Amino acid sequence: MGNIFLSGVGGQGILLAAKIIADAAANAGFEVAANEIHGMAQRGGSVTAQVRYGPAVLSPLILEGTADVLGALEHIEAIRHAHMLRPGGFAAISRQSLVPVTVSSGGAVYPGDVAERIARLFPNRCYYDCTARAREMGAPRLANTMLTGILSRALADIPLEAWHNAIRGRVPPKTLPGNLAAFDFGRIEANDSIP
Amino acid sequence: MKPTRQLLSGNEALALAAIDGGTSAAFGYPGTPSTEILENLARHAAPGLYCEWSPNEKVALEAAAGAALAGGRSIVTMKHVGLNVAADPLMTLSYIGVVGGMVICVADDPGQHSSQTEQDTRHYARLAKVPILEPANAQEAYDFLREGFEISEQYRCPVILRTTTCVSHSRCLVARAAPRPQNHVQFVRNPPQFVPLPIWGRKLRVGIEERLDAQAADAARRTTLNTILPAATADCQQPLPTAPLGIVSSGVAALHAREIFPDSPMLKLGWAFPFPDGLIRDFAATVERLLVIEEGEPILEEHIRALGIACDGKNLVPRCGELTPARIAETRARLEGRSANLPAPVPEAADLPGRPPILCAGCPHRALFHALARFDVVVSGDIGCYSLGVFPPLNQTDTILCMGGGFTVAHGMTQAGEPRRVVGIVGDSTFFHSGITGLLNSVYNQSPAKLIVVDNRITAMTGHQDHPGTGTTLMGRSTHAASIEALAAACGRERIRVCNPYDQAALHTILEEELAADGPSLIISRAPCPLHLKRRIAPQRRIDPDLCRNCRACLKCGCPAIESPDKTAKPRINETACMGCSLCQALCKFGAIATRAGQ
């Protein structure tokens, strides 16, 4: 059983990652409850999603401080939702900065010490630049599947085949090989980038 | 595990339940969080099921009533504020009733994730004296819609099905039941039932009270909808004589509450109105203390008190905002006189920049608002993406009331004597929804207010739905595309100007001329939503760092594609985000912004 809290910025693919996690848990034979906050259609706003699975699940929402896994496709979004993670929980964080318009218009400051904050807040983590690696693999949009691969390490009761079948059911055939490769890279090879 | 179950959102489950339940016709107007019901219905429905986006919720509810009066099953979908628009037909439909089952799917938005108000649709059920069902998750959404049709046909009255954002947008594994064929459709004349002239309306009025009594007794018996759950920790073989605390709850709040109070029995109400008094009394008799946990207004709580049963409720449970496991954990802590001690955002998060919703890169509304900012006007806005024009750096909306209010509020301000020019703005979908009557009024009563339609050719904010001006229906058929200019001309509007907002010089001239003119005028600012087109408006722009003097004028348009993490660094344009609208280029006095080489 597990509680997974996902955060990112509109347009990054958080909702697809949430659907893949929920499908994988269902494929593994669990009950699933998942919630997505997509608010308004515009791009650039904060987006969160939550997935809970186990023998029986009631509420689709995770109680603060009880998430087993925190997944973030943008690194300050991990800090924003750090309090959702339980002590000792695993954080999968993509090392990517998306500067909000509140910063470029001069009304706010994007922090310069993100890596230090992440090192302090998340002792159990993998902090990795998924977007850069996904770009090397041919498509920056694969960052969400790669992050899903990273966080899958902490969900040991969902077997690999359940993950692969979930991806097969959610992505178009054209991008399937790339998505499977990105997932496998995240699951096996991506290393934490803070020494 | 049952392999036949599907992982569905509440809205997807409602669409499939409508299909499996033999719906003949479905109607609605887009509104978060209800929109995906009809989108999924259109995607999955067989050819015999008719579905449409109506121009507004009143039209949709009336059309669904017509379908049900002719004997077919129908659904109508809307968000909570949509039912305000559709309230007039709802009240009378409760009198004349239906023949085929009719379910009104209304999605409330507690916490106002994307709504101007927080409303509890259960008030409308009481007002209209019709049953209301409240599913807690997608499986219940499926089951309750199917059951709602049965209740509607049994009592020949419409049924409201209330979801909330957390039900509409949460997924669980859903088992579908056997599909049922559509009803035979053939209207049967029966004026005393279907024509509410006072002579017959008075009889119908009495019948409604008899119907409510029968439904209240029925609701107490329907265990698929209203159930008493023993304490999860209790030994089911050995029921305790009385529990120290019992919970009464409904909707998704019941699921949160079940996790926070696993040691208490619960009366979970899926059919909450008409109130199942017998069941409430029976449950209350088995507990020493009663706590009502309901999302929104204290409707159950006040009724339970009126039955003479003492209970806790809004003294411990928040009345405003969405209920969550955390807020119910706080309720439990309050009840037990201790602190909940839930983790709060970490200190490292205190100074993080926010990410409010903003107009997208390339949005034509930004171009209109940017041009408008050069005039001293009061702006009466409306509901749509363009609501976001209120935020800095555009700061171009002064008030918003409701759908269509952009035009009419502006008219009222001018007629009261507001000394400045007043501009009323509505979007294209909003214009067809309820802007036309305001336009007609402004001509009829010779309003000096200046009206603007920001026409991006789609219902954008809810995720790009067609409307009467797009030339396509929900079922994908080509149709007549209504012309805003022709409608305005037919209303008698003489000064009608159409412009492309990306042409800032032309737009400025039009605004200058029309704001100076005495009579009424209508400006149509027309450019399609680039997010919907899924392609760039023009070649992408870049900032030449050698020519850029870091004057930061380009940042004044608030485009998210222009990045400048701190004031010392010259702005740059994000190549994945820029849509090529050229607004920033028009703002640069030093010629530093141009199209990217090779484009």
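All of these numbers come straight from a predicted model, not from anything done at the bench.

## A look at the overall build of chain A
Move 1: What chain A contains, in helices and strands, is eight helices and six strands.
Move 2: The secondary structure elements of chain A, listed N-terminal to C-terminal, are β-α-β-β-β-α-β-α-α-β-α-α-α-α.
Move 3: Here the C-alpha radius of gyration of chain A, 16 Å, is about what a compact globule of 195 residues would show, namely 16 Å.
Move 4: C-alpha atoms of chain A, sized along the principal axes, occupy 50 × 40 × 40 Å.
Move 5: The buried share of chain A, reckoned over its 195 residues, is 59%.
Move 6: Contacts in chain A between residues far apart in sequence, at least 24 positions, make up 64% of those at least 6 positions apart.
Move 7: Accessible surface for chain A amounts to roughly 7,100 Å². Of this, 55% is attributable to carbon and sulfur atoms.
Move 8: Taking the 17 positively charged and 16 negatively charged side chains of chain A as two groups, their mean positions are separated by 4 Å.

## Things to note about the sheet that holds strand 6 (residues 125-128) of chain A
Move 1: Ordered in space as 6(A)-5(A)-4(A)-1(A)-3(A)-2(A)-8(B)-1(B), the eight strands form an open sheet in which the pairing is mixed. Each having just a single partner strand, strand 6 of chain A together with strand 1 (6-9) of chain B make up the two edges of the open sheet. On average, adjacent strands in this sheet sit at an angle of 20° to one another, irrespective of strand direction.
Move 2: As judged from the three bridges shared by strand 2 (residues 31-37) of chain A and strand 8 (residues 170-174) of chain B, these two strands associate in the antiparallel manner. Paired with A:Asn35 across the two strands is B:Ser170, which belongs to strand 8 of chain B.

## Re the packing of aromatic side chains
Two measures describe an aromatic ring pair: the distance that separates the ring centres and the angle between the ring planes.
Move 1: All chains considered together, the criterion is met by eight aromatic pairs over all chains.
Move 2: Between B:Phe187 and B:Phe194, the aromatic rings sit 5.6 Å apart at their centres with planes inclined by 40°, giving tilted as the arrangement.
Move 3: Between the aromatic rings of B:Phe273 and B:Phe275, the centroid separation amounts to 5.3 Å while the plane-to-plane angle is 85°, which identifies the pairing as edge-to-face.
Move 4: Put simply, the rings of B:Phe407, B:Phe431 and B:Phe432 touch in pairs and so form one group of aromatic residues.
Move 5: For A:Arg133, the ring lying beneath its charged end belongs to A:Phe185, and the centroid distance is 4.5 Å.

## Description of a nonpolar patch on the surface
All names here are of chain B.
Move 1: Among the surface-exposed residues, Val195, Leu197 and Ile199 lie close enough to one another that they form a single nonpolar patch of about 260 Å² accessible area.
Move 2: Counting through the fold element by element, valine 195 comes out in the loop between helix 9 (191-194) and helix 10 (198-221).
Move 3: For valine 195, a relative accessible area of 33% puts it in the partly exposed group.

## Quick word on the interface of chain B and chain A
Move 1: Chain B puts 55 residues into the contact, and the matching count from chain A is 55 residues.
Move 2: Summing both partners gives a buried area of about 4,600 Å² for chain B against chain A, and 63% of it is carried by carbon and sulfur.
Move 3: It is B:Arg171, B:Pro353 and B:Arg355 that lose the most area in chain B upon contact with chain A, and together they represent 19% of the buried surface on that side.
Move 4: Viewed at the interface, chain A and chain B are joined by seven salt bridges.

## Notes on the environment of B:Glu295
Residues and elements named next belong to chain B.
Move 1: Checked against the element boundaries, glutamate 295 lands in the loop between strand 13 (287-293) and helix 13 (299-306).
Move 2: Residue glutamate 295 is classed as buried on the basis of its relative accessible area of 5%.
Move 3: It is 21 Å that separates the C-alpha atoms of glutamate 295 and tyrosine 142, two residues lying 153 residues apart in sequence.
Move 4: Once residues within four sequence positions are removed from consideration, glutamate 295 is found in contact with Pro110, Asp120, Arg122, Arg162, Thr164, Val252, Ala253, Glu322 and Leu323.
Move 5: Only 2.7 Å separates the side chain of glutamate 295 from the backbone nitrogen of leucine 323, close enough to count as a polar contact.

## Notes on the pairing of strand 19 (residues 521-526) of chain B
Residues and elements named next belong to chain B.
Move 1: With five of six residues buried, strand 19 lies mostly within the body of the structure.
Move 2: Alignment of strand 18 (residues 495-499) against strand 19, held across five bridges, turns out to be parallel. Within the sheet, the bridge partner assigned to valine 498 lies in strand 19 and is isoleucine 524.
Move 3: Running through helix 19 (residues 504-516), the crossover from strand 18 to the neighbouring parallel element strand 19 is right-handed.

## Section: the sheet that holds strand 4 (residues 73-79) of chain B
Residue and element names in this part refer to chain B.
Move 1: One open sheet accounts for seven strands, arranged 3-2-4-5-7-6-12; its pairing is mixed. The sheet is open, and its two edges are formed by strand 3 (50-53) and strand 12 (271-273), each paired on a single side.
Move 2: The sheet contact formed by strand 2 (residues 23-28) and strand 3 spans four bridges and is parallel. Along strand 3, the bridge assignment pairs alanine 25 with tyrosine 50.

## Focus on helix 18 (residues 484-491) of chain B
All names here are of chain B.
Move 1: Within helix 18, the full set of buried residues consists of Ile484, Ala488 and Cys491. Angular distribution of buried residues about the axis of helix 18 spans 60°; they occupy a single face of the element.
Move 2: N-capping of helix 18 is provided by serine 483, with a side-chain oxygen placed 3.4 Å from the backbone N of glutamate 485.
Move 3: The first or second residue beyond helix 18 is glycine 492, which carries a positive phi of 105°.

## Some thoughts on the pattern of salt bridges
Residue and element names in this part refer to chain A.
Move 1: All chains considered together, the criterion is met by 46 salt bridges over all chains.
Move 2: With a closest N to O distance of 3.0 Å, aspartate 192 and arginine 125 form a salt bridge. With aspartate 192 in the segment after helix 8 (176-189) and arginine 125 in strand 6, this pair connects stretches of sequence that are 67 residues apart.
Move 3: According to the relative accessible area criterion, aspartate 192 is partly exposed, its value standing at 27%.
Move 4: Its relative accessible area of 17% is what places arginine 125 among the buried residues.

## Re the domain arrangement of chain B
Residue and element names in this part refer to chain B.
Move 1: Domain annotation for chain B reports domain 1 (6-221), domain 2 (230-335), domain 3 (364-533) and domain 4 (541-595).
Move 2: Each partner contributes to the interface: domain 1 provides 18 residues, whereas domain 3 provides 14 residues.
Move 3: Of the roughly 1,300 Å² buried between domain 1 and domain 3, counting both surfaces, carbon and sulfur atoms make up 64%.
Move 4: Of all residues in domain 1, the largest losses of buried area upon contact with domain 3 belong to Tyr29, Trp53 and Pro55, amounting jointly to 36% of the total for that side.
Move 5: Taken together, domain 1 and domain 3 are joined by zero salt bridges.
Move 6: The interface formed by domain 1 and domain 3 contains four residue pairs in polar contact (both at pLDDT 80 or more).
Move 7: Broken down by secondary-structure element, the contributors of at least two residues to the side of domain 1 that touches domain 3 are helix 2 (36-44) and strand 3.
Move 8: Looking at the side of domain 1 that touches domain 3, the element that brings in the most residues is strand 3, giving four residues.
Move 9: Partitioning the side of domain 1 that touches domain 3 into residue classes produces ten nonpolar, five polar and three charged.

## Remarks on the packing of helix 1 (residues 10-20) of chain B against helix 7 (residues 138-155) of chain B
What describes two packed helices is the angle between their axes and the distance between those same axes.
All names here are of chain B.
Move 1: Helix 7 packs onto helix 1 with a crossing angle of 30° between their chain directions and a minimal axis gap of 8 Å. When the axis of helix 1 is compared with that of helix 7, the two are roughly parallel. Pair helix 1 / helix 7 crosses with right-handed handedness. Together, Gly10, Ala13, Leu14, Leu16, Ala17, Ala18 and Asp20 of helix 1 and Ala138, Ala141, Tyr142, Leu145, Arg146 and Phe149 of helix 7 make up the contact between the two elements.
Move 2: Here the residues of the contact of helix 1 with helix 7 sort into ten nonpolar, one polar and two charged.

## Topic: the pairing of strand 11 (residues 266-269) of chain B
Residue and element names in this part refer to chain B.
Move 1: Because side chains alternate across strand 11, one face comprises the buried residues Met266 and Lys268, and the other comprises Leu267 and Leu269, equally buried.
Move 2: Pairing of strand 10 (residues 243-249) with strand 11, which is carried by three bridges, proceeds in the parallel orientation. In the sheet register, serine 249 faces strand 11, and the bridge partner there is lysine 268.
Move 3: Between the parallel pair strand 10 and strand 11, the chain is carried across by helix 11 (residues 251-260), and the sense of this crossover is right-handed.

What counts as what
Residues numbered from 1 in each chain as written. Chains lettered and ligands numbered in written order. Predicted model: local features only at pLDDT ≥ 70, side-chain atom pairs only at ≥ 80, totals over all residues. Heavy atoms only, no water. Helix = DSSP H or I, 4+ residues; strand = E, 2+ residues; numbered from the N terminus. Rg over C-alpha atoms; globule rule 2.2 N^0.38 Å. Buried < 20%, exposed > 50% of the residue type's maximum accessible area, 1.4 Å probe, protein only. Contact = heavy atoms within 4.5 Å. Areas by Shrake-Rupley, 256 points an atom, 1.4 Å probe, with all protein chains shown as cover. Lys, Arg positive; Asp, Glu negative; His and termini not counted. Charge placed at Lys NZ, Arg CZ, Asp CG, Glu CD. Pairing = 2+ DSSP bridges. Axes fitted to C-alpha atoms, helices over the stretch in contact; angles between N-to-C directions. Phe/Tyr/Trp six-rings, centres within 6.5 Å; stacked < 30°, edge-to-face > 60°. Lys NZ or Arg CZ within 6 Å of the ring centre and 35° of its normal. Patch = residues over 30% accessible without salt bridge, like charges linked within 9 Å, V, L, I, M, F, W, Y side chains within 5 Å. Salt bridge = Lys/Arg side-chain N within 4 Å of Asp/Glu carboxyl O. Buried area = accessible area lost by both parts, 1.4 Å probe. Polar contact = N/O pair within 3.5 Å; in protein donor to acceptor, adjacent residues only side chain to side chain. Right-handed = clockwise from strand over helix to strand, strands pointing away. Arc of directions from axis to C-beta. Domains from an automatic or database assignment. Nonpolar A, V, L, I, M, F, W, Y, C, P; charged D, E, K, R; others polar. Parallel < 35°, antiparallel > 145°, perpendicular 65-115°, else oblique. Left-handed = near helix turned anticlockwise from the far one by under 90°.

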